[in-house]
Amino acid sequence: MSWGSYGAYLGIAVLLVLAPGPDTLVLLRNALAGGRRGGLLACAGILSGNLLQGSAAAFGLGVLVASSRPLFETLRWAGVVYLLFLAVQALRGAWRGDYAAFTELVERRRGQGFRRFREGFLSNVTNPKVLVMYLSVLPQFLVPGVTTTADALLLAYTVGVLGAVWLLALVFVVHRVRAWLGRRRVRRTIDAVTGTALVGFGLALAVE
């Protein structure tokens, strides 16, 4: 693979990463509720899901999933249910508005690390659009008989790493303005917007 081809792919990958989606919302919500540690754990979960789906696409397993209608539909509806579940949690938080002080909330939830990792992982791995993205973009830069599986993995992991860098930047920003974001009115607004957006993503996935 030439540097020119990789550079073109890199440009596309950056645009894909910067486009807001369920992963971004899940990351922000966990960074707010769990502090920097919560955001990092959610980021690790999202990265793990991304690398898993990228590996599946690079090794050809993604084609099997996409071509098997029952399997693809199962994955799609699992994603719909999970996004709506997260949306209900966010909207319920906005409705109640019974937030503890930010520092107390972080301390109280330090034992929920696996939950935050799990939310990040599931938000990514149950979203078939991520797999479809890999299957639609990767083949454009792979030449049969020339490029190798290692090249495919490099391209796939590039998206995962760039996504992680972007999410880490968001965690840093949230941490810097945590005092303002921890205000009750701000938290309620963020949860309301997040919940509404997750409902939108879930419905969009349902009608695909």
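Above this text sits the structure in question.
Residues numbered from 1 in each chain as written. Predicted model: local features only at pLDDT ≥ 70, side-chain atom pairs only at ≥ 80, totals over all residues. Heavy atoms only, no water.

## Concerning helix α2 (residues 22-58)
For step 1, the next point in the chain: Compared with the 54 Å implied by 1.5 Å per residue over 37 residues, the 23 Å span of α2 between its first and last C-alpha is markedly short.
For step 2, the next point in the chain: Approximately 145° is the largest bend angle found in α2, and it occurs at Gly34.
For step 3, the next point in the chain: Most of α2 sits out of view: 27 of its 37 residues are buried.
For step 4, the next point in the chain: Backbone geometry just after α2 places Gly60 at a positive phi near 90°. (Helix = DSSP H or I, 4+ residues; strand = E, 2+ residues; numbered from the N terminus. Expected span 1.5 Å × (residues − 1). Bend = angle between axes of the 7 residues up to and from the residue. Buried < 20%, exposed > 50% of the residue type's maximum accessible area, 1.4 Å probe, protein only.)

## Quick look at the packing of α2 against helix α8 (residues 149-176)
For step 1, the next point in the chain: Running from N to C, α2 and α8 point in directions that differ by 175°, and their axes come no closer than 9 Å. Between α2 and α8, the angle is such that the two are roughly antiparallel.
For step 2, the next point in the chain: Classifying every residue of the contact of α2 with α8 gives 21 nonpolar, eight polar and one charged. (Axes fitted to C-alpha atoms, helices over the stretch in contact; angles between N-to-C directions. Parallel < 35°, antiparallel > 145°, perpendicular 65-115°, else oblique. Nonpolar A, V, L, I, M, F, W, Y, C, P; charged D, E, K, R; others polar.)

## Some words on the environment of Trp166
For step 1, the next point in the chain: Relative to the assigned elements, Trp166 resides in helix α8.
For step 2, the next point in the chain: By relative accessible area, Trp166 is classed as partly exposed at 31%.
For step 3, the next point in the chain: Trp166 has contacts with Val17 and Leu18, leaving out every residue within four places of it along the chain. (Contact = heavy atoms within 4.5 Å.)

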